[in-house]
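One-letter residues, chain by chain:
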Amino acid sequence: MIKEKIDIFNTPLKVRQIYQETVAAYNNEQLILCAIGIRSIIEAICLNEDITIKGLDNKIKELIKRGIVTLKLGQGLQENRLLGNQSAHELERFSDRELLAAIQLIENIIEGHYSTQEKIDLVSWRRRMRKQK
């Protein structure tokens, strides 16, 4: 069973909702729906970043180009995309371990892109307060 990330509330609403539904599908052993949800989260992130070019593979490349994800994480997202495609188009059912790893890749984006600024602000808060005095 997966517990949702505590700091997901910094994530845009649509991304957060699809993430929550995908985790719920995983926890309820709805593994095909979970895999499709993983792919949908990537689409939602791209929409949130105003990446509207054709093809999810190209959108992932644009996430890399814009520095939103690293090259390595982008490679993982490409694997997630293929996993979602296989589930949606071929009704492929992936194992719990494979889906858990795919969800963790998504959580890396949520953590790295959406939660980082809040953490930077928290770490630098005291120093900024001293400067204001």
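See the structure printed just above.
Residues numbered from 1 in each chain as written. Predicted model: local features only at pLDDT ≥ 70, side-chain atom pairs only at ≥ 80, totals over all residues. Heavy atoms only, no water.

Asks: Lay out the overall build of the protein in plain terms, naming residues and giving numbers.
Replies: A tally of regular secondary structure across the protein gives six helices and zero strands. Mapped from its N terminus to its C terminus, the protein presents α and β elements in the order α-α-α-α-α-α. Across its three principal directions, the C-alpha atoms of the protein cover 60 × 35 × 25 Å. Classification of the 133 residues of the protein by burial places 39% in the buried group. Considering only residue pairs separated by 6 or more positions, the protein has 57% of its internal contacts joining residues 24 or more positions apart. Counting only carbon and sulfur atoms, one obtains 53% of the accessible surface of the protein, whose full area is about 8400 Å². When the 21 basic and 18 acidic side-chain charges of the protein are each reduced to a single mean position, those positions are 10 Å apart. (Helix = DSSP H or I, 4+ residues; strand = E, 2+ residues; numbered from the N terminus. Buried < 20%, exposed > 50% of the residue type's maximum accessible area, 1.4 Å probe, protein only. Contact = heavy atoms within 4.5 Å. Areas by Shrake-Rupley, 256 points an atom, 1.4 Å probe, with all protein chains shown as cover. Lys, Arg positive; Asp, Glu negative; His and termini not counted. Charge placed at Lys NZ, Arg CZ, Asp CG, Glu CD.)

Asks: Describe the state of the cysteines, naming the residues involved and giving the relevant values.
Replies: Scanning the model with the defined rule gives zero disulfides in all. The thiol sulfur of Cys-34 is not disulfide-bonded, and the nearest other cysteine sulfur, from Cys-46, lies at 18 Å. Judged by its relative accessible area of 0%, Cys-46 is buried. (Disulfide = S-S within 2.5 Å.)

Asks: Explain helix α2 (residues 31-48) to me, and be specific about the residues and the numbers.
Replies: In this model α2 runs 25 Å from its N-terminal to its C-terminal C-alpha over 18 residues, within 8% of the 26 Å that 1.5 Å per residue would give. Burial in α2 covers these residues: Leu-31, Cys-34, Ala-35, Gly-37, Ile-38, Ile-41, Ile-42, Ala-44, Ile-45 and Cys-46. Tucked inside the fold, the buried residues of α2 contact α1 (13-27), α3 (56-65), α4 (71-90) and α5 (96-114). Just downstream of α2, Asp-50 is the residue with a positive phi angle, here 60 degrees. (Expected span 1.5 Å × (residues − 1).)

Asks: Explain the side chain of Gln-78 to me, and be specific about the residues and the numbers.
Replies: Considering the arrangement of structural elements, one finds Gln-78 in helix α4. Taking relative accessible area as the criterion, Gln-78 reaches 14% and is therefore assigned buried. Setting aside anything within four residues of it in sequence, one finds Gln-78 in contact with Asp-57, Ile-60 and Lys-61.

Asks: Can you explain the packing of α2 against α3? Please cite residues and give values.
Replies: Direction vectors running N to C along α2 and α3 enclose 55 degrees, while the axes themselves pass 10 Å from each other. It follows that α2 is oblique to α3 by the angle criterion. For the crossing formed where α2 meets α3, the hand is left-handed. On α3, the residues touching Arg-39, Ile-42, Glu-43, Ile-45 and Cys-46 of α2 are Leu-56, Lys-59, Ile-60 and Leu-63. Here the residues of the contact of α2 with α3 are counted per class, giving six nonpolar, no polar and three charged. (Axes fitted to C-alpha atoms, helices over the stretch in contact; angles between N-to-C directions. Parallel < 35°, antiparallel > 145°, perpendicular 65-115°, else oblique. Left-handed = near helix turned anticlockwise from the far one by under 90°. Nonpolar A, V, L, I, M, F, W, Y, C, P; charged D, E, K, R; others polar.)

Asks: So, the packing of α3 against α4: which residues are in play, and what are the values?
Replies: As a packed pair, α3 and α4 sit with axes 9 Å apart at the nearest point and diverge in direction by 165 degrees. The orientation of α3 relative to α4 falls into the category roughly antiparallel. In terms of crossing hand, the pair formed by α3 and α4 is right-handed. For the pair α3 and α4, the contacting residues are Leu-56, Asp-57, Ile-60, Lys-61, Leu-63 and Ile-64 in the first and Leu-71, Gly-74, Leu-77, Gln-78 and Arg-81 in the second. When grouped by side-chain class, the residues that make up the contact of α3 with α4 number six nonpolar, two polar and three charged.

Asks: Kindly report on the pattern of salt bridges, identifying the contributing residues and their values.
Replies: Side-chain pairs of opposite charge can arise whenever the charged atoms involved come near each other. Inspection of the entire model under this criterion finds four salt bridges. The salt bridge involving Glu-43 is made with Lys-59; its shortest N-O contact spans 3.0 Å. A residue pair is termed long-range when its members are at least 10 positions apart, and Glu-43 in helix α2 and Lys-59 in helix α3 qualify at 16 residues. Judged by relative accessible area, which is 21%, Glu-43 ranks as partly exposed. (Salt bridge = Lys/Arg side-chain N within 4 Å of Asp/Glu carboxyl O.)

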